[in-house]
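Next come the chains, spelled out residue by residue.
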Amino acid sequence: MYAHHDSNIRKTWFLMAVFFVVVIAIGWGFSYFYADPSILYVFVAVSIFMNVLSYWQSDKIVLSMYKAQPVTHESNPALWNIVENLAITAGLPMPKLYIIPESQPNAFATGRNKDHAAVAVTQGLLGILDKNELEGVIAHELSHIGNLDTLVSTVVVVLVGFVTLISDFFLRSRGLGMRSNNDRGGNIQGIFFIVGIVLAILSPIIAVLIQLAISRKREFLADASGALLTRYPAGLASALEKISQYGTMPMQRASNATAHLFIANPFGSTSKKLKGLFMTHPPTEKRVAALREMGK
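(A) Local environment of the environment of alanine 68. Structurally, the position occupied by alanine 68 is in the loop between helix H3 (58-65) and strand S1 (69-70). Taking the relative accessible area as the measure of exposure, alanine 68 reaches 15% and is therefore buried. Each C-alpha atom, one on alanine 68 and one on isoleucine 99, is 5.5 Å from the other, the two residues being 31 residues apart in sequence. Each residue touching alanine 68, except ones within four places of it in the same chain, is listed here: Leu63, Tyr98, Ile99 and Ile100.

Printed below as a string of structure tokens:
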């Protein structure tokens with residue numbers, strides 16, 4: 001059930017290593033561009049800090065972004081019992097449980113490992129699903145925890161967010177002067193300036209591609225793993241159909257950096273022309289069809 005566990009650990013370290021190298025390379029470009037070696041030292045420190053922060057604190061950052069409220073057994077015994085029973089069945093520790101004050105039906109799991117994991121569901125999800133459907137959604141999210149999809153996904157949230165900040169800084173630096181003592185130096189610095197603009201334009205696209213690479217396959221896998229956990233694929237299939245009916249209702253705090261975390265697209269429906277392109281989630285009808293096929 002958790003065949004991708006080791007693969008996700010390797011993928012996480014690879015992403016963090018690439019991020020470290022890229023940020024340092026950008027820092028070197030800035031330090032050369034502005035003839036100030038101290039800029040490189042700052043970028044090295046920031047790269048290390050962001051990698052540490054993304055590994056240890058990314059789950060807390062995501063939960064705070066959506067103003068998630070902790071749930072106890074006393075405050076919501078029905079939801080707590082569903083999560084606890086499924087966690088026992090999956091052989092996982094009981095994750096922390098949260099409710100997001102959003103009317104769109106949705107859910108996500110986060111955390112660096114099974115011992116430091118959390119499941120968050122929106123208020124809207126609890127309002128439209130019956131017990132079997134809710135069990136299907138929770139099983140899907142617990143499968144993400146078991147597969148360590150949550151480690152990759154939450155690390156990406158912080159790293160993608162920082163890539164966006166770097167891109168914005170590049171674009172805003174256009175108005176700053178270039179130091180040059182001769183024409184050759186000015187030409188070289190001009191080249192770096194152009195490269196910086198190109199990187200600033202491409203960085204958000206690269207960030208989206210990273211999200212797509214980690215998101216689509218894992219949704220199909222988590223659907224299948226969740227269905228095996230509950231032994232009732234129709235429950236999750238029905239839940240996805242209900243969630244898709246609210247596709248035109250975007251979440252109030254939806255963010256490009258966190259869209260891949262959710263069980264469904266938090267931005268709502270996408271135009272048919274863009275369907276299947278630049279989407280962090282596979283089409284709902286394909287997911288439902290696969291689940292219905294499992295139930296035969």
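(B) Highlighting the sheet that holds strand S3 (residues 107-113). Read from one edge to the other, the open sheet built from four strands follows the order S1-S2-S4-S3, with strand pairing classed as mixed. Two strands in the sheet have a free side with no partner beyond their single neighbour: S1 and S3. Along the sheet, H3 makes contact with strand S2 (96-100), S3 and strand S4 (116-122), crossing S3 at roughly 155°.

(C) How the structure looks around the environment of threonine 284. Take threonine 284: it is sitting in helix H10 (residues 284-294). Spatially, the C-alpha atoms of threonine 284 and alanine 264 are 8.2 Å apart, while their sequence positions differ by 20 residues. In contact with threonine 284, other than residues within four places in its own chain, are Leu240 and Ser244.

(D) Fine view of a nonpolar patch on the surface. A cluster of nonpolar side chains, contributed by Phe14, Val18 and Val22, occupies part of the molecular surface with about 260 Å² of accessible area. Mapped onto the fold, valine 22 is located in helix H1 (residues 5-33).

(E) Structural context of the pattern of salt bridges. Applying the stated criterion across every chain, the model contains six salt bridges. Put simply, arginine 253 and glutamate 102 hold a salt bridge, and the shortest N to O gap is 3.7 Å. Of the two residues, arginine 253 sits in the loop between helix H9 (233-244) and H10 while glutamate 102 sits in the loop between S2 and S3, which places them 151 residues apart along the sequence. When its relative accessible area of 4% is taken as the criterion, glutamate 102 is described as buried.

(F) Examining unusual backbone geometry more closely. For lysine 67, which is not glycine, the phi dihedral falls at a positive 50°. Relative to the helices and strands, lysine 67 resides in the loop between H3 and S1. Phi angles above zero are rare outside glycine, and leucine 148 is one such case at about 65°. A residue is classified by how much of its surface remains accessible, and leucine 148, at 5% relative accessible area, is buried.

(G) Local environment of the packing of helix H4 (residues 77-90) against helix H6 (residues 131-147). In the contact formed by H4 and H6, the axes pass within 10 Å of each other and the chain directions differ by 50°. In terms of orientation, H4 lies oblique with respect to H6. Crossing of H4 against H6: the hand is right-handed. Between H4, through Leu79, Ile82, Val83, Leu86 and Ala87, and H6, the contact on the second element is made entirely by Lys131, Leu134, Glu135, Ile138, Ala139 and Leu142. Counted by class, the contact of H4 with H6 contains nine nonpolar, no polar and two charged residues.

(H) Highlighting the confidence of the model for the protein. In the predicted model, the protein carries a mean pLDDT of 80, and the fraction of residues at 70 or more is 76%. Here residues 175-185 is a poorly scored stretch, pLDDT under 50, and it has 13 contacts once near neighbours within four places are set aside; other chains count. Contacts from residues 271-278, a stretch scored under 50 in pLDDT, to residues over four places away or in other chains number nine contacts.

Conventions we followed
- Residues numbered from 1 in each chain as written.
- Predicted model: local features only at pLDDT ≥ 70, side-chain atom pairs only at ≥ 80, totals over all residues.
- Heavy atoms only, no water.
- Helix = DSSP H or I, 4+ residues; strand = E, 2+ residues; numbered from the N terminus.
- Buried < 20%, exposed > 50% of the residue type's maximum accessible area, 1.4 Å probe, protein only.
- Contact = heavy atoms within 4.5 Å.
- Pairing = 2+ DSSP bridges.
- Axes fitted to C-alpha atoms, helices over the stretch in contact; angles between N-to-C directions.
- Patch = residues over 30% accessible without salt bridge, like charges linked within 9 Å, V, L, I, M, F, W, Y side chains within 5 Å.
- Areas by Shrake-Rupley, 256 points an atom, 1.4 Å probe, with all protein chains shown as cover.
- Salt bridge = Lys/Arg side-chain N within 4 Å of Asp/Glu carboxyl O.
- Parallel < 35°, antiparallel > 145°, perpendicular 65-115°, else oblique.
- Left-handed = near helix turned anticlockwise from the far one by under 90°.
- Nonpolar A, V, L, I, M, F, W, Y, C, P; charged D, E, K, R; others polar.
- pLDDT = per-residue confidence, 0-100.

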